[in-house]
Amino acid sequence: MSSQHLTEYEDASPEVRAVYDDIMQTRQVAQVNNFWKCLAAHPPTLRRTWDSLKEIMAPGALDSLTKELIYVAVSVTNNCPYCIASHTAAARKAGMTDAMFGELQAVVGMANETNRLANGYRVPLDEAFKLD
């Protein structure tokens, strides 16, 4: 099966349509995006992924914008163009400004640089940073 197979709503099984309906209702959108249409090739993965994402991305101790910013940062680090684009759009919808995006990218870049330096130099962990 092609990794680019998209299951459209009208071609979806009742099980997939139920997930699509939940996505559209939860996100208040008219259609699901291509990520979900690809996952629909395996309905158990579609359901499991949607349920997990819906739970994790709901407001909690962290607000929705903070969660989307973290998602963008991880997506940049993992080099996932699709996730960068979709979660940048979600972060903008949640209130991210151009200035926030710029600072986010600066933090991502700096964290990646200093992580690699710490790993390369094999910097020993300070006693003050160790957990009990």
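My aim in this report is to walk through the structure given alongside it, one point at a time. (Residues numbered from 1 in each chain as written. Predicted model: local features only at pLDDT ≥ 70, side-chain atom pairs only at ≥ 80, totals over all residues. Heavy atoms only, no water.)

## With respect to the overall build of the protein
Right, on to step 1. Tallying secondary structure elements over the protein gives 6 helices and 0 strands in all.
Right, on to step 2. Along the protein, from the amino end to the carboxyl end, the secondary structure elements read α-α-α-α-α-α.
Right, on to step 3. Here the C-alpha radius of gyration of the protein, 18 Å, is well above what a compact globule of 132 residues would show, namely 14 Å.
Right, on to step 4. C-alpha extents for the protein along the principal axes are approximately 55 × 35 × 30 Å.
Right, on to step 5. Across the 132 residues of the protein, 26% fall into the buried class.
Right, on to step 6. If you take every contact in the protein between residues at least 6 apart in sequence, the share linking residues at least 24 apart comes to 48%.
Right, on to step 7. If you sum the accessible surface of the protein, you get close to 9,200 Å²; carbon and sulfur atoms cover 58% of it. (Helix = DSSP H or I, 4+ residues; strand = E, 2+ residues; numbered from the N terminus. Rg over C-alpha atoms; globule rule 2.2 N^0.38 Å. Buried < 20%, exposed > 50% of the residue type's maximum accessible area, 1.4 Å probe, protein only. Contact = heavy atoms within 4.5 Å. Areas by Shrake-Rupley, 256 points an atom, 1.4 Å probe, with all protein chains shown as cover.)

## Quick notes on the side chain of Lys-67
Right, on to step 1. Positionally, Lys-67 belongs in helix H4 (residues 64-77).
Right, on to step 2. No salt bridge is formed by the buried Lys-67; its nearest oppositely charged neighbour, Asp-63, is found at 8.8 Å.
Right, on to step 3. Among the polar contacts listed, one links the side chain of Lys-67 to the backbone oxygen of Ile-56, at a separation of 2.6 Å.
Right, on to step 4. The residues contacting Lys-67, other than those within four sequence positions of it, are Ile-56, Met-57, Ala-58, Pro-59, Gly-60 and Leu-62. (Lys, Arg positive; Asp, Glu negative; His and termini not counted. Salt bridge = Lys/Arg side-chain N within 4 Å of Asp/Glu carboxyl O. Polar contact = N/O pair within 3.5 Å; in protein donor to acceptor, adjacent residues only side chain to side chain.)

## Focus on the pattern of salt bridges
Right, on to step 1. Enumeration according to the criterion identifies 5 salt bridges in this entry.
Right, on to step 2. When the shortest N-O distance is used, the salt bridge between Asp-51 and Arg-47 registers 3.2 Å. Of this pair, Asp-51 and Arg-47 both sit in helix H3 (residues 43-57), separated by 4 residues, roughly a single helical turn.
Right, on to step 3. Under the relative-accessibility criterion, Asp-51 is labelled partly exposed at 32%.

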